[in-house]
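This is what each chain is made of:
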Amino acid sequence: FFFNTLNRAKHSSFSTAPLLLRSPLHNFSSKISSKFKPTMDGFKKSMTGMFDSAKKGATTAAESTRVAAQKAQLMTEIKFLERKLTSRKEKFGVDVYESLANNEHAEVDRILAACKTELEEVKASIKAKQTELDMLRGDV
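No experiment lies behind these values; they were computed from the predicted model shown.

Undergrad: Any details on the overall build of the chain? Residues and values, ideally.
TA: The helix and strand tally for the chain stands at five helices and zero strands. For the chain, the sequential pattern of α-helices and β-strands runs α-α-α-α-α. Taken across its 140 residues, the chain has 12% of its residues classed as buried. Here the analysis covers contacts within the chain between residues at least 6 apart in sequence; of these, 61% occur between residues at least 24 apart. On the chain, roughly 11500 Å² of surface is accessible, and the fraction owed to carbon and sulfur atoms is 61%.

Undergrad: Break down the nonpolar core for me, citing the residues and quoting the values.
TA: Counting residues in each nonpolar core, the largest one holds nine residues, listed as L74, I78, L81, L85, C115, L119, V122, I126 and L133. Counting residues per element, this core draws most heavily on helix α5 (residues 105–137), at five residues. In contact with V122, other than residues within four places in its own chain, are L81, K84 and L85.

Undergrad: Explain unusual backbone geometry to me, and be specific about the residues and the numbers.
TA: Within the chain, N103 stands out as a residue other than glycine whose phi angle is a positive 60°. Following the sequence through the fold, N103 ends up in the loop between α4 (40–101) and α5. Taking relative accessible area as the criterion, N103 reaches 58% and is therefore assigned exposed.

Undergrad: Describe the side chain of S99, with residues and values.
TA: On the secondary structure map, S99 appears in helix α4. Those residues within four positions of S99 in sequence are excluded, and the remaining contacts are E104, E107, V108 and I111.

Undergrad: An account of the side chain of R88 is needed here, citing residue identities and associated values.
TA: Mapped onto the elements of the fold, R88 is located in helix α4. A polar contact is formed between the side chain of R88 and the side chain of E118, at a distance of 2.9 Å. What R88 contacts, discounting residues up to four positions off in sequence, is D95, A114, C115, E118 and L119.

Undergrad: Tell me about the pattern of salt bridges, and please be specific about residues and values.
TA: Counted according to the given criterion, the structure contains six salt bridges. For E77, the salt bridge identified is with K129, shortest N-O distance 2.9 Å. On the criterion of sequence distance, the pair formed by E77 in helix α4 and K129 in helix α5 is long-range, its members being 52 residues apart. Residue E77 is classed as partly exposed on the basis of its relative accessible area, which comes to 25%. Judged by its relative accessible area of 24%, K129 falls in the partly exposed class. Notably, a salt bridge pairs E82 with K79, separated by 3.8 Å at the nearest N-O pair. A residue pair is termed a helical-turn pair when its members lie 3 or 4 positions apart in one helix, as E82 and K79 do in helix α4 at three residues. Residue class for E82 comes out partly exposed when judged on its relative accessible area of 33%.

Calculation notes
- Residues numbered from 1 in each chain as written.
- Predicted model: local features only at pLDDT ≥ 70, side-chain atom pairs only at ≥ 80, totals over all residues.
- Heavy atoms only, no water.
- Helix = DSSP H or I, 4+ residues; strand = E, 2+ residues; numbered from the N terminus.
- Buried < 20%, exposed > 50% of the residue type's maximum accessible area, 1.4 Å probe, protein only.
- Contact = heavy atoms within 4.5 Å.
- Areas by Shrake-Rupley, 256 points an atom, 1.4 Å probe, with all protein chains shown as cover.
- Core = buried A, V, L, I, M, F, W, Y, C linked by side-chain atoms within 4.5 Å.
- Polar contact = N/O pair within 3.5 Å; in protein donor to acceptor, adjacent residues only side chain to side chain.
- Salt bridge = Lys/Arg side-chain N within 4 Å of Asp/Glu carboxyl O.

What follows is the structure, given as structure tokens:
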């Protein structure tokens, strides 16, 4: 092809520059590239979409982390209150034993009333925290 172009250029009166610079696929490739050439607007839209997606994912991850931290904190507080409940019951047993051993029935009633009040308060706290935890889990 190239030599034919040169030979025609020698024997004709037209300029050879346009013929030498163009390849046989020049028209075909220019049509294809114009169809698939990305526009700056399309690029901006795709980048904006990508950043919005990343931002949404980061927000979702942050929210999940916050909820998981709240759940862990509530479970820790519930365990602490349950240990406090057990500890108070053990102390009650020691206090009542000494009063019963000394035949002090009025003292046993007083210790029982005081312990019962404390235990009810702790149980109410446990129930409130458990309800909050259930809400975070979506059980309620």
